[in-house]
Amino acid sequence: MSATSSKDKPMTATTFTEGLWKENPVFVMLLGLCPALAVSNTAVNALAMGVASTFVLLGSSLLISLLRNLIPKQVRIASYIIIIATFVTAVDYIIHALSLELYNALGAFIQLIVVNCAILGRAEAYASKHKVGHALVNGFGMGLGFTLALVLVGGVREILGFGTLFGVSLFGAQFQPWAVFILPPGGFFVLSFWLVVFAAVRRNRERKEAAHGA
Amino acid sequence: MSEMSTPSAATPPAMPSPLRLITTLGLIAMLSGFTIVLIYQVTLEPIARNHREALERAVFEVLPGAVSRANFTVIDQELIRLSDEELAAADLFAGFDEDGNLIGVALEAASRGYAGEIRVLFGYAPDREKIIGFTVLQSSETPGLGDKIETDPRFLANFEALDVRLDETGEALANPIQPVPEGAKTQPWEIDGITGATVSAVAVARALRESTETWVPLIFAHQDELAEESE
């Protein structure tokens, strides 16, 4: 392998920011759509799910990066899933022990993190091939990107479906909420709206870059 | 192994022996098992304590004005006083004010909601024959819709003075608790529902109706006995 292997590359801003924008797990890679649709009916739920997922992403990235040279690649996926599931179970117990209130607010969603393919995707595509520092920074960026995406979807759904944002009323009492946006179909509408926005912005930027390059 | 991090190399790396694969997976699974058991053991006590404290708080929440509490269980229609520690085994909790007067009795009720079981605690005041407080102990109702049974002030207002009078025989409610659509409440024993969360609101009403039909006649008959139990 050449000397400039990806794991020897110095840490750059991209290691962190690619998860936020260029490779945003939800809007660009279309990963983790199940929680992005299921738990995004209010901004607060979306934020809580994003934070919990980020936490698991950090923990599993750390462990998988540490163990990357010990796991034969034939059994890597099974190993990653065990590690992620262990971490999620641990988080579940710890939150339960720390605060019952927080647990009641998140309880139904925490177990869902196991099946978030954005986390398995990170393990496979990044943490298993990079040093611990890189894996942590990249995982954190991806987690933030996931949180950002969920809050964007959840914010719009909450504004249209409840007339509130983070529980704060925006339009006053005469506002007639659009209940469909709280229900599952609303999740699909809002997600596709954001996908269009992101795709349009990305295309615009690429066109500009191409024009500059020419 | 570090040289294998890009599997696109011309020759595929040699297949590790099956034993190596089994050992790795076995070790990871074992470690995972140990970790989970360890965390389970460590968190067992705090989790139980959290639940106990939440239940204690809930008892005082549904009995406004209560400052002390006594736990009871019921065997063959007779009330048995339990110690303070036997919270989990209790069927009902009597709450007393500073002067030792009986404020009311906190009772659990449960039924199936839209997404799993809903468990609630409510306060019953035998002297006024009303439900005077209500809180949700456990629910997994849809966030933003069904969970309004915990947060919607208009819905919670149902339980400030919900009529559960007994009929002349003293063995059944004069008017069983009835759920009605949002805004249609006209009688003090009706529960004003929540639009968009009908199933959850009806489930709460059903839990309360079943629980009150069983417990209210019994508690009403024993209220003097309960009133003497204050310390």
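What comes next concerns the included structure.

The rules behind these values
- Residues numbered from 1 in each chain as written.
- Chains lettered and ligands numbered in written order.
- Predicted model: local features only at pLDDT ≥ 70, side-chain atom pairs only at ≥ 80, totals over all residues.
- Helix = DSSP H or I, 4+ residues; strand = E, 2+ residues; numbered from the N terminus.
- Rg over C-alpha atoms; globule rule 2.2 N^0.38 Å.
- Buried ≥ 20, exposed ≤ 12 C-beta atoms within 10 Å, placed from the backbone.
- Contact = placed C-beta atoms within 7 Å.
- Axes fitted to C-alpha atoms, helices over the stretch in contact; angles between N-to-C directions.
- Parallel < 35°, antiparallel > 145°, perpendicular 65-115°, else oblique.
- Left-handed = near helix turned anticlockwise from the far one by under 90°.
- Nonpolar A, V, L, I, M, F, W, Y, C, P; charged D, E, K, R; others polar.
- Pairing = 2+ DSSP bridges.
- Expected span 1.5 Å × (residues − 1).
- Bend = angle between axes of the 7 residues up to and from the residue.

### Some points on the overall build of chain B
In step 1: When helices and strands are tallied, chain B shows 5 helices and 9 strands.
In step 2: When its helices and strands are written in sequence order, chain B yields α-β-β-β-β-β-β-α-α-β-β-β-α-α.
In step 3: For chain B, the C-alpha radius of gyration of 26 Å lies well beyond 17 Å, the compact-globule estimate for 231 residues.
In step 4: For chain B, the C-alpha atoms occupy an extent of roughly 90 × 45 × 30 Å along the three principal directions.

### Re the overall build of chain A
In step 1: When helices and strands are tallied, chain A shows 8 helices and 2 strands.
In step 2: Considered along the principal axes of its C-alpha atoms, chain A spans approximately 65 × 60 × 25 Å.
In step 3: When burial is assessed residue by residue, chain A has 42% of its 214 residues classed as buried.
In step 4: Sequence-distant contacts, at least 24 apart, represent 76% of the contacts inside chain A between residues at least 6 apart.

### A look at the packing of helix H3 (residues 43–66) of chain A against helix H7 (residues 132–162) of chain A
All names here are of chain A.
In step 1: Relative orientation of the contacting elements H3 and H7 amounts to 165°, with a least axis distance of 8 Å. It follows from the interaxial angle that H3 and H7 lie roughly antiparallel. As for how H3 packs across H7, the hand of that crossing is right-handed.
In step 2: Partitioning the contact of H3 with H7 into residue classes produces 19 nonpolar, 11 polar and 1 charged.

### Digging into the pairing of strand E5 (residues 117–125) of chain B
All names here are of chain B.
In step 1: Counting buried residues along E5, 7 of its 9 residues qualify, which places the element largely inside the surrounding structure.
In step 2: Judged from the 8 bridges that link them, strand E4 (residues 102–112) and E5 form a sheet pairing that is antiparallel. By the bridge assignment for E5, Glu-108 is matched with Leu-121.
In step 3: Here E4 folds back onto E5, and the loop between the two strands holds 4 residues, one of which, Gly-116, carries a positive phi near 95°.
In step 4: Two elements, E5 and strand E6 (residues 130–138), share 7 bridges in a ladder whose sense is antiparallel. When the sheet's bridge partners are listed, Gly-123 is paired in E6 with Gly-133.

### Focus: helix H4 (residues 198–221) of chain B
In step 1: The terminal C-alpha atoms of H4 of chain B, which comprises 24 residues, lie 34 Å apart, in line with the 34 Å expected from a rise of 1.5 Å per residue.
In step 2: The largest bend along H4 of chain B reaches roughly 40° and is located at Thr-212 of chain B.

### A few points about the pairing of strand E2 (residues 78–82) of chain B
In step 1: Direction of pairing for strand E1 (residues 68–75) of chain B relative to E2 of chain B: antiparallel, over a ladder of 5 bridges. Within the sheet, the bridge partner assigned to Phe-72 of chain B lies in E2 of chain B and is Arg-81 of chain B.

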